[in-house]
Structure formats: structure tokens, C-alpha cells
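Observations on the model geometry
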Amino acid sequence: MEMVRRMKLGSHGLEVSAQGLGCMSMSTGFYGSGKPEADMIDLIHRAIESGITFLDTSDCYGPHTNEVLLGKALKGGMREKVQLATKFGVNISNGSTEIRGDPAYVRACCEASLRRLGVDFIDLYYQHRIDTRVPIEITMGELKKLVEEGKIKYVGLSEASASTIRRAHAVHPITAVQLEWSLWTRDVEEDIIPTCQELGIGIVAYSPLGRGFLSSGAKMVETLSTNDVRKDMPRFKPENMEQNKKIFEQVSEMAAKKGCTPSQLALAWVHHKGTNVCPIPGTTKIENLKQNIGALAVELTGEEMAELESIASADAVKGGRNAYMSLTWSNTDTPPLSSWKPE
């Protein structure tokens, strides 16, 4: 297996593997039950050996257990080989979720993540979701202090609107914006992608395989555990899946002609969307890891890109991308800085 190539993410010096590894599904949480720890540590090590060194987690995965898992995987000299990304902002406790971006919370989360990961610094620290009660300038001010103290190297935002990105970037350079982007989730292309390109901000595409749909189609729904959040997502409901499965069938036909798998074709599409774009597909299986790496070798012409985009046009995809659209970029504008009154 060829080593994964490197890329510059953003314009401030961060260099990562051209494909990352989303680690969320390795732990119990949003996608049901986690997998055996030893197997997941082995998978992470295999990824690093293959050149996939950009590892993505969050303090809310588990919560907390995913960071602990990565901490164990990075012992014994592995830390120096990776670029570690984690996030704060989604506070899950006692079964309820609160979005927070106040300075004290930002700092407490960073300190806790450093401890769980067992590291001296975090390479890329994202605000996972935007606290619409706190001006983004206030949250960014604390993140800037953490950079100055050497606790984080680079700052990122996840699911942030174009206006929020601009306001944040004016306080301290944003290195990367993480957003949901795949063949069947393209709402970011109108405003957010151009904003990132204009400001020299890297784009990290999560769920580049449509939360697994672009890997296996409608049959994936049958294998989901009862506590998997995808069961609540509109696109996976029977009334929408009837239409959506046609997209997968067409992608599969095209992949067969190209001599690759549907997931490799879908991932290759993301890779071809720009030199500053890094998809982070998640997996818990070695064979899927190898397959995802294989997507880097799939070459697409302009005509093939256009054909894929016509197959998965906005009107072809039925249902919202998330069951909780209120927690996505379309609702992330924060109050003006002048309104902030610290408690």
C-alpha cells in the first residue's frame, strides 16, 4: 500500500496527510456501540503506518472515551508522527446537551482534553458547535490565549456560517473549518466554501461518505443499532430512502466502469474539490481503511465530476442531512461583541 501524500491545510503552516481518520465511531456514542479497544488501537496504528496521520476526535465522543482511546494509541512514540485534532463546545451531561463557548469553559475543556489525550499540546483545536449566546470574538479571544500559551497550535471551527467564520478569523487566523461535505450534502458550496477559499482556510470534510450511505447504500440502514443517531436522520427514513437509493445505484454503476468501489468514487470526488480539502472518513475496519486510502489513486476528469454532481443534485436528494439542523452552520450567528457582559 502506497504512503498517503501530504498537504498543507490552511495557510498558516499546518501540514497533514491528504486524508484523515475520523475516530468517532470507534467509541460508544452517536453511532451506537464502540468496538474493542485493542482492535481500534491496532487500526489507528495501521493508519499511521500507511501515512494517515491526521486524527480527528472530540471531547463529546463517548463523551470523553474517544480522547482516552487516542491517548492510549499515541503512547510509545506515536505522538510525534501525528497531527491531532479535537474539539470542544458540545457539553453532554446527565443526558442533556448544551452548546458552550464562554472563556472559562473553553479553557477547562482544553485542559481536560490535554489530560485525556496525554499530550502537551493539541495540533488543531476546533469549536465543535457555535454558542449563539456568546459573541464569537469572545470565544476566539480565549483560543488565541491558548495558542500563545502553547497549549494549541492552530484554531478551527466546525459547522460555522460564513459570517461567523469572518468574524472569528479577524480575531485570530482560522486554520480549518470542518463541515459536512459529500456528494449528497453540498449546501456548503454556495457560501462557506468560497469564504474559506478567499481567506486561505483549509476545509475538513466530515461524513464524506454520506454517513456510510455512499459505501453500501440502503442496506446500511438495516444494520444500524437501535441507539445509532442515523436512525433519526430524515434521509434514512423509508419515505426518503426509496428515492435516495437511486443515487447510490447510479454511483455504483459509475464506480464499476471506473474499476473502483462506490465509496472510493465518492471520496475521490471530495479529493478533487480542491487542494485545500481534506476528507476524514471514519471506520472501524481495516479493510475499509485500505479501501479509503485507495480513493487517493482514483483520477476523475471534469466530465466525470460533472456527471457525479448531476447524479447527486440538490433536488435528487430527499430529506434533511441532520435530525438537528438547529445545531448546524445555518444557525450559528452570534451576538455582536458590544452586547457581551461577562458574568
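Residues numbered from 1 in each chain as written. Predicted model: local features only at pLDDT ≥ 70, side-chain atom pairs only at ≥ 80, totals over all residues. Heavy atoms only, no water.

Within an unreviewed UniProt entry, the label attached to the chain reads NADP-dependent oxidoreductase domain-containing protein, and the organism entered is Rhododendron simsii.

1. Overview of the overall build of the chain
When its secondary structure is counted, the chain shows 12 helices and 12 strands. Radius of gyration (C-alpha) of the chain: 19 Å, near the 20 Å computed for a compact globule of 343 residues. The C-alpha extent of the chain, read off along each of the three principal axes, is 60 × 45 × 40 Å. Across the chain, the fraction of contacts at a sequence separation of at least 24, relative to all contacts at a separation of at least 6, is 77%. For the chain, the computed accessible surface area is about 14,300 Å², with 51% contributed by carbon and sulfur atoms. In the chain, 39 side chains carry a positive charge and 43 a negative one; their mean positions are 2 Å apart. (Helix = DSSP H or I, 4+ residues; strand = E, 2+ residues; numbered from the N terminus. Rg over C-alpha atoms; globule rule 2.2 N^0.38 Å. Contact = heavy atoms within 4.5 Å. Areas by Shrake-Rupley, 256 points an atom, 1.4 Å probe, with all protein chains shown as cover. Lys, Arg positive; Asp, Glu negative; His and termini not counted. Charge placed at Lys NZ, Arg CZ, Asp CG, Glu CD.)

2. A short note on the pairing of strand β8 (residues 122-127)
For β8, a buried count of six out of six residues is recorded, marking the element as mostly surrounded by other parts of the structure. Pairing analysis gives five bridges linking β8 to strand β9 (residues 152-158), with the strands arranged parallel. Along β9, the bridge assignment pairs Tyr126 with Gly156. (Buried < 20%, exposed > 50% of the residue type's maximum accessible area, 1.4 Å probe, protein only. Pairing = 2+ DSSP bridges.)

3. A closer look at the packing of aromatic side chains
In the structure shown here, the tally under the stated rule is five aromatic pairs. When the ring of Trp184 is compared with that of Phe213, the centres are 4.3 Å apart and the planes differ by 5°; the resulting orientation is stacked. Taken as a pair, Trp184 in the loop between β10 (174-180) and α6 (192-199) and Phe213 in helix α7 (residues 213-216) lie far apart in primary sequence, 29 residues in all. On the basis of relative accessibility, which here comes to 4%, the residue Trp184 falls in the buried class. We classify Phe213 as buried; its relative accessible area is 0%. When the ring of Trp184 is compared with that of Phe236, the centres are 5.8 Å apart and the planes differ by 65°; the resulting orientation is edge-to-face. Highlighted residues: Trp184 in the loop between β10 and α6 and Phe236 in the loop between α8 (219-222) and α9 (238-258), separated in sequence by 52 residues. Phe236 matches Trp184 in its accessibility class, with the two residues each being buried. Taken together, the ring pairs in this structure connect Trp184, Phe213, Phe236 and Phe248 into an aromatic cluster. Stacked on the ring of Phe121, the Lys or Arg Lys153 has its end atom at 4.7 Å from the ring centre. (Phe/Tyr/Trp six-rings, centres within 6.5 Å; stacked < 30°, edge-to-face > 60°. Lys NZ or Arg CZ within 6 Å of the ring centre and 35° of its normal.)

4. A few points about the side chain of Asp59
The residue Asp59 is located in the loop between β4 (54-56) and α2 (65-73) in this model. Here Asp59 occupies a buried position and makes no salt bridge, while the nearest side chain of opposite charge, Arg116, is found at 4.5 Å. Beyond its immediate stretch of four places on either side in the chain, Asp59 contacts His64, Glu67, Thr86, Lys87, Phe88, Val90, Cys109, Ser113 and Arg116. (Salt bridge = Lys/Arg side-chain N within 4 Å of Asp/Glu carboxyl O.)

5. With respect to the state of the cysteines
Considering all chains together, one arrives at zero disulfides under this definition. Free cysteine: Cys23, not disulfide-bonded; nearest cysteine sulfur from Cys278 at 12 Å. (Disulfide = S-S within 2.5 Å.)

6. Some words on the pattern of salt bridges
Scanning the entire structure with this criterion turns up 22 salt bridges. A salt bridge links Glu149 to Lys151; its shortest N-O distance comes to 3.3 Å. The class for Glu149 is partly exposed, based on a relative accessible area of 40%. With a closest N to O distance of 3.2 Å, Arg211 and Glu180 form a salt bridge.

7. What to know about the sheet that holds strand β11 (residues 202-206)
The eight strands are arranged β3-β4-β5-β8-β9-β10-β11-β12 in an open sheet whose pairing can be described as parallel. Looking at strand neighbours, the two that pair on one side only are β3 (21-22) and β12 (277-279), the edges of this open sheet.

8. Describing the pairing of strand β7 (residues 96-99)
Two strands pair when backbone bridges link them, and strand β6 (residues 90-93) and β7 are joined in this way by four bridges, in the antiparallel orientation. Each residue of the ladder has a partner; that of Ser93, found in β7, is Ser96. Between β6 and the antiparallel strand that follows it, β7, lie two residues; Asn94 among them carries a positive phi value of about 55°.

9. Overview of helix α1 (residues 37-49)
Helix length check: α1, at 13 residues, gives a terminal C-alpha distance of 18 Å against a target of 18 Å (1.5 Å per residue), a fit within 8%. When α1 is considered as a whole, its buried residues turn out to be Met40, Ile41, Leu43, Ile44, Ala47 and Ile48. End-on, the buried residues of α1 take up no more than an arc of 160°, which puts them together on one face. Residues of α1 that are exposed and angled more than 90 degrees away from the buried face: Ala38 and Glu49. (Expected span 1.5 Å × (residues − 1). Arc of directions from axis to C-beta.)

10. Some details on helix α10 (residues 262-271)
In an α-helix, one turn spans 3.6 residues, which is why side chains three or four residues apart end up on the same side. Burial within α10 is extensive, with 10 of its 10 residues counted as buried. For α10, the elements touching its buried residues are β11, α7, α9, β12, α11 (286-294) and α12 (302-311).

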